[in-house]
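# Summary of structural features
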Protein chains: 2
Amino acid sequence: MTSSESGIRGRSGTAHSGSEPAAGLMSGAAARLRIAAPSVADRVAAELRLQLAQGMLLPGARLTESTIAEQLGVSRNTVREAFAELAGERLVIRQPNRGVFVATLEAGDVHDVYTVRRAIEVSAIRGGGSPERVAAVRAAVEEGKAAAAANDEEGLGNANQHFHGAIVALAGSRRLNTIMSQVLAEMRLFFHKATVDAHFYRGYLADNEKICLALEAGELDRAGDLLLAYLDRSEKKQGAVHGK
Amino acid sequence: MTSSESGIRGRSGTAHSGSEPAAGLMSGAAARLRIAAPSVADRVAAELRLQLAQGMLLPGARLTESTIAEQLGVSRNTVREAFAELAGERLVIRQPNRGVFVATLEAGDVHDVYTVRRAIEVSAIRGGGSPERVAAVRAAVEEGKAAAAANDEEGLGNANQHFHGAIVALAGSRRLNTIMSQVLAEMRLFFHKATVDAHFYRGYLADNEKICLALEAGELDRAGDLLLAYLDRSEKKQGAVHGK
DNA sequence: ATTGATGGATTGTTGAACAATCCAGTTTTT
DNA sequence: AAAAACTGGATTGTTCAACAATCCATCAAT
């Protein structure tokens, strides 16, 4: 249902003739001083990122240039540029002369990803953060509770990601934030296997609550230790779900 | 002297006619099972990365597609793909409809970069590492001493980067390693201003030695604290050299 | 001095072309 | 029959040429 043939195209192009008034994709972030409209390639990348996140494109799947170009009403070269972006984010893998494939995470990659998370998240929480940022962490915890109450499995997963995103955001570092979102995107990629287990995130609710409490109480070192333990356990569980 | 007109091109292309036997650019890493030869776009990106690192392209400089395409004997589209890569690494910035420019680090960025380094490096050193990896750290320290003895200013800078690279490598995480090298590449980008001060790295030699000793002694927490202090001081010095 | 054209340069995107490479299926060889 | 060599088709890698959209500096007009 999420736009398969609607097209991405915005303005020019020899073949273009109609004059639809620029479909409402960019409403909010339009007029930021000097930060300009995303290029078509960017929008293609965004669309693919979305499909990746929603599990429409499963790990290992092949992405054929011409097919996608056609589906999105865009030229092959533009798709190529989008691929370059996504490859930089490790969401797809380019095999020269063979094509690009949705990235697959091996057992080793799981550990690797958690190593990054440990470094970033623990460091961020140990540094504390402004009251507003702490409040954002709290908000994510409550979001998780609400989703649990509503039996909204997907919402629970999202809340969990928001929680960890908010923790990293404590540090207020643009780079740390983007690194974290890339890592989370990578994980989402292969969560689609794990999420079949409905109770997957349930167990984390209490952990998140405890970590948040420690953070709010200013007991940063303890919060860090809790988070670290959490990540270790989470990694183990992940490893169990996947091969080896 | 570093190849300005020699060209990057490898194989095909309508305009190509000669038959030079593939200049010896890829000797060692050629036959790695299934890991294939880099594309032309990749080589263009690599060449630019090099020029960036060597300060041939200074922050803020404009990179015109057609010019570079011509200089490197490559098509504009290929240059474009290379730009996408570099933009993903934050080495260049794309301003829609205006062009790509060598990235410039503002005062805020300096702090941001150091925030990332604190997170990654401290976490890595606190985790310790195998004897070989510790040995690599030691090697970087000695490399620095040798450079100092030889009054090799550039070598000193390199050694320092190797030192910090080796520390991150302790964690044995592919992702952490690439993140670190990207960050270091970013820093190199604007070190060209700072390096005018010949004594810049001198002062760090003793610090590196102390950190390395603590690491070798297995006093990981202390090593982490030392490293943290080091980074804070280094950031302050950086901030002083640059605006505010 | 501000505002408004004008034109040139550069980017964004497309479409078409062709060489290089890979792959699966088929033919040949041993 | 198993292994090796040869197909042809599909897809990628790269180039080129074209044109719309956008920016920018210069100049003109108010």
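Relevant structure appears above.
Structural notes, computed from the coordinates. These numbers were taken from a predicted model, which means no experiment stands behind them.

## Side note on helix H5 (residues 131-149) of chain A
Residue and element names in this part refer to chain A. Helix length check: H5, at 19 residues, gives a terminal C-alpha distance of 27 Å against a target of 27 Å (1.5 Å per residue), a fit within 8%. All of the buried residues in H5 are Val134, Val137, Arg138, Ala140, Val141, Gly144, Ala147 and Ala148. The secondary structure elements touched by the buried residues of H5 are helix H6 (153-169) and helix H8 (204-216). Asn151 sits one or two residues past H5 and shows a positive phi near 55 degrees.

## Some details on the environment of Ala46 of chain B
Position of Ala46 of chain B among the secondary structure elements: in helix H1 (residues 40-53). Along the chain, Ala46 of chain B and Ala82 of chain B lie 36 residues apart, while their C-alpha atoms are 8.5 Å from each other.

## Overview of the pattern of salt bridges
By the definition in use, this model includes 42 salt bridges over all chains. A salt bridge links Arg126 of chain A to Asp225 of chain A; its shortest N-O distance comes to 2.9 Å. Here the residue Arg126 of chain A occupies a position in helix H4 (residues 107-126), and Asp225 of chain A occupies one in helix H9 (residues 220-241), the gap between them amounting to 99 residues. Take Asp225 of chain A: its relative accessible area is 43%, and that puts it in the partly exposed class. Glu219 of chain B is paired through a salt bridge with Arg222 of chain B; the nearest N and O atoms lie 2.6 Å apart. Note on Glu219 of chain B: relative accessible area 36%, which makes it partly exposed.

## Comments concerning the pairing of strand S2 (residues 92-95) of chain B
All names here are of chain B. Bridging between S2 and strand S3 (residues 99-102) involves four bridges; their strand directions are antiparallel. Note that in S3 the partner of Gln95 across the bridge is Gly99. Linking S2 back to S3 in an antiparallel pair, the connection comprises three residues, with Asn97 at a positive phi of about 70 degrees.

## Comments concerning the nonpolar core
By size, the foremost hydrophobic cluster in this structure holds 79 residues, and its most contacted members are Ile125, Val137, Ile167 and Leu227 of chain A together with Ile125, Val137 and Leu227 of chain B. Not counting the four nearest positions on each side in its chain, Ile167 of chain A is found in contact with Glu121, Ala124, Ile125, Val137, Ile211 and Leu227 of chain A.

## Re the interface of chain B and chain A
Counting from both sides, the interface comprises 29 residues of chain B and, opposite them, 29 residues of chain A. In total, chain B and chain A occlude about 2,500 Å² of area from one another, counting both sides; carbon and sulfur atoms represent 47% of this. It is Glu81, Arg90 and Arg175 of chain B in chain B that bury the most area against chain A; as a group they hold 27% of the surface buried on that side. Run the count over chain B and chain A and you get 10 salt bridges. Note that Arg94 of chain B is salt-bridged to Glu81 of chain A, the shortest N-O span being 3.8 Å. Linking chain B with chain A are 14 residue pairs in polar contact (both at pLDDT 80 or more), by the criterion used here. For the side of chain B that touches chain A, the secondary structure elements donating two or more residues are helix H3 (76-88), helix H4 (107-126) and helix H7 (174-194) of chain B.

Reading the values: rules and limits
- Residues numbered from 1 in each chain as written.
- Chains lettered and ligands numbered in written order.
- Predicted model: local features only at pLDDT ≥ 70, side-chain atom pairs only at ≥ 80, totals over all residues.
- Heavy atoms only, no water.
- Helix = DSSP H or I, 4+ residues; strand = E, 2+ residues; numbered from the N terminus.
- Expected span 1.5 Å × (residues − 1).
- Buried < 20%, exposed > 50% of the residue type's maximum accessible area, 1.4 Å probe, protein only.
- Contact = heavy atoms within 4.5 Å.
- Salt bridge = Lys/Arg side-chain N within 4 Å of Asp/Glu carboxyl O.
- Pairing = 2+ DSSP bridges.
- Core = buried A, V, L, I, M, F, W, Y, C linked by side-chain atoms within 4.5 Å.
- Buried area = accessible area lost by both parts, 1.4 Å probe.
- Polar contact = N/O pair within 3.5 Å; in protein donor to acceptor, adjacent residues only side chain to side chain.

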